[in-house]
Amino acid sequence: MAKRQNPADEAQTPGPETPEQTTARLQGKGAPTPTRREQEAARKRPLVPTDRKEAAKAARAHQAEAREKARVGMAAGDERYLTQRDRGPQRRFVRDYVDARFSIGEFLIPVMLVVIVLSFLPYAFMQVWGLVALWAFFFIAVVDGIVLGLLVTRKVGDKFGKTKVERGLKWYAAMRAFQLRVMRLPKPQVKRGQYPA
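These numbers come from a predicted model, not from an experiment.

A. Geometry of the layout of surface pockets. In this structure, the largest pocket spans a volume of roughly 160 Å³. The wall of the largest pocket is formed by Arg85, Asp86, Arg91, Gly168, Trp171, Tyr172, Met175, Arg176, Gln179 and Leu185. Looking at side-chain class alone, the lining of the largest pocket contains 4 nonpolar, 2 polar and 4 charged residues.

B. Up close: helix α5 (residues 89-100). The end-to-end C-alpha separation of α5 is 16 Å, in line with the 16 Å expected for 12 residues at 1.5 Å each. Taken together, the buried positions of α5 are Gln90, Arg91, Phe93, Val94, Arg95, Asp96, Tyr97, Val98, Asp99 and Ala100. Looking at the buried residues of α5, the elements they touch are α7 (124-160) and α8 (169-177).

C. Structural context of the environment of Gly77. Position of Gly77 among the secondary structure elements: in the loop between α4 (52-75) and α5. Gly77 sits 10 residues away from Arg87 along the chain, and the two C-alpha atoms are 9.1 Å apart. Setting aside its immediate chain neighbours within four residues, Gly77 contacts Leu82, Arg92, Pro186 and Gln189.

D. Geometry of the packing of α7 against α8. Between α7 and α8, the shortest axis-to-axis distance is 8 Å and the interhelical angle comes to 130 degrees. It follows from the interaxial angle that α7 and α8 lie oblique. Relative to α8, the crossing made by α7 is right-handed. Contacts between α7 and α8 involve Gly145, Leu148, Gly149, Leu150, Val152, Thr153 and Val156 from the first element and Leu169, Lys170, Ala173, Ala174 and Ala177 from the second. For the contact of α7 with α8, the per-class residue count stands at 8 nonpolar, 3 polar and 1 charged.

What counts as what
Residues numbered from 1 in each chain as written. Predicted model: local features only at pLDDT ≥ 70, side-chain atom pairs only at ≥ 80, totals over all residues. Heavy atoms only, no water. 1 Å grid on protein atoms, 1.4 Å probe; cavity = no way out; pocket = protein on both sides within 12 Å on 5 of 7 lines; lining within 4 Å. Points joined across faces, edges and corners; volume = space filled by probe spheres on them. Nonpolar A, V, L, I, M, F, W, Y, C, P; charged D, E, K, R; others polar. Helix = DSSP H or I, 4+ residues; strand = E, 2+ residues; numbered from the N terminus. Expected span 1.5 Å × (residues − 1). Buried < 20%, exposed > 50% of the residue type's maximum accessible area, 1.4 Å probe, protein only. Contact = heavy atoms within 4.5 Å. Axes fitted to C-alpha atoms, helices over the stretch in contact; angles between N-to-C directions. Parallel < 35°, antiparallel > 145°, perpendicular 65-115°, else oblique. Left-handed = near helix turned anticlockwise from the far one by under 90°.

Quick look at the structure:
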């Protein structure tokens, strides 16, 4: 006696696929999976390029482009290209404060050049007065740097919190103040008198 199938089982049994169903099923893939050997062959590149001079020239051009991008980024004050010494919001605040201020120390190099020129003159009194003026200028610049360091520390404490003031900000501010404005890196982002808020 033949056993009758349950009508629910008949509904679940798949029938032959229509061409539309076959197309819909293959549409997601469209191609057979490449073998491992084919995938590795597609990724293979020679360890040594065939034209070494051209490869070296391309590498130099790439390095020069990366260096130029880093130089421009550092000059503009972009955090990604700054050295560890210049990174962070407190260092940016100090740079902006120093650049907005007129500092005596930034004229130390020109004064030293004048004293060197005076030392070549045959007049002894000019040489002596040149050295005295240089030492007096240096002393005033150091005092100005100390005052600047104290000011900057107080301003950073007011802005970021007194307990969160980074170490070395006084020295950082003084060293920036002793550089000529045009030689500072990162380049000044504010004008004179435009103090940061």
